[in-house]
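Close look at the chain arrangement
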Amino acid sequence: MRTSTRLAGALTGLTLTLGGTVLAAPTARADIPACTQMAERAGAAASDAVTAACGRGVSGDLQTCVTGLTGAGAAGGAATAACRAAAHEPR
């Protein structure tokens, strides 16, 4: 009985430790700075609208991201590339 109690305790501790590691692990960060820099090089003025549009790219909403960046003055092809860059992890 005592061995089974210890084993159950050890397994519970291991489960909590591994589960905590998964919860505490940082999520893959998107590359919003790369997106905003690309948009600015393509003609968009640095603004909260550009940052917000790049944030949409992070969440996978590329159409809204592109629309926001083109509305801020970035060329269409460059806006698409910037939005795709937003979804990738920084290098």
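Conventions we followed
- Residues numbered from 1 in each chain as written.
- Predicted model: local features only at pLDDT ≥ 70, side-chain atom pairs only at ≥ 80, totals over all residues.
- Heavy atoms only, no water.
- Helix = DSSP H or I, 4+ residues; strand = E, 2+ residues; numbered from the N terminus.
- Axes fitted to C-alpha atoms, helices over the stretch in contact; angles between N-to-C directions.
- Parallel < 35°, antiparallel > 145°, perpendicular 65-115°, else oblique.
- Left-handed = near helix turned anticlockwise from the far one by under 90°.
- Contact = heavy atoms within 4.5 Å.
- pLDDT = per-residue confidence, 0-100.
- Core = buried A, V, L, I, M, F, W, Y, C linked by side-chain atoms within 4.5 Å.
- Buried < 20%, exposed > 50% of the residue type's maximum accessible area, 1.4 Å probe, protein only.

1. What to know about the environment of Thr 36
Turning to its location among the elements, Thr 36 is positioned in helix α2 (residues 32-41). Spatially, the C-alpha atoms of Thr 36 and Cys 83 are 8.9 Å apart, while their sequence positions differ by 47 residues.

2. Details of the packing of helix α4 (residues 62-71) against helix α5 (residues 76-86)
Geometry of a packed helix pair, given as the angle between the helix axes and the separation of the axes. Running from N to C, α4 and α5 point in directions that differ by 130°, and their axes come no closer than 9 Å. The orientation of α4 relative to α5 falls into the category oblique. Every pair of crossing elements has a handedness; the one defined by α4 and α5 is right-handed. Note on element contacts: α5 touches α4 through Gly 76, Ala 79, Thr 80, Ala 82, Cys 83 and Arg 84, opposite Leu 62, Cys 65, Val 66, Leu 69 and Thr 70.

3. What about the confidence of the model for the protein chain?
Of all residues in the protein chain, 65% attain a pLDDT of 70 or more, and the chain-wide mean is 78. For the protein chain, per-element mean pLDDT is lowest for helix α1 (residues 2-24), which scores 55, and highest for α4, which scores 94. A low-confidence stretch, residues 21-28 (pLDDT under 50), is modelled with 1 contact involving residues beyond four sequence positions or located in other chains.

4. Observations regarding the packing of helix α3 (residues 48-58) against α4
Contact geometry of α3 with α4 gives a least axis separation of 7 Å together with a crossing angle of 160°. For the element pair α3 / α4, the angle class is roughly antiparallel. As for how α3 packs across α4, the hand of that crossing is left-handed. Two secondary-structure elements touch here, α3 through Val 50, Ala 53, Cys 54, Arg 56 and Gly 57 and α4 through Leu 62, Thr 64, Cys 65, Gly 68 and Leu 69.

5. Regarding the nonpolar core
Soluble globular proteins tend to pack their nonpolar side chains together in the buried interior. Cys 35, Val 50 and Leu 69 are the most contacted members of the largest nonpolar core, which has 14 residues in total. At the level of elements, α2, α3, α4 and α5 are the ones that each hand at least two residues to this core. With sequence-adjacent residues up to four places away left out, Val 50 is seen in contact with Thr 36, Ala 39, Ala 44, Ala 45, Leu 69 and Ala 72.

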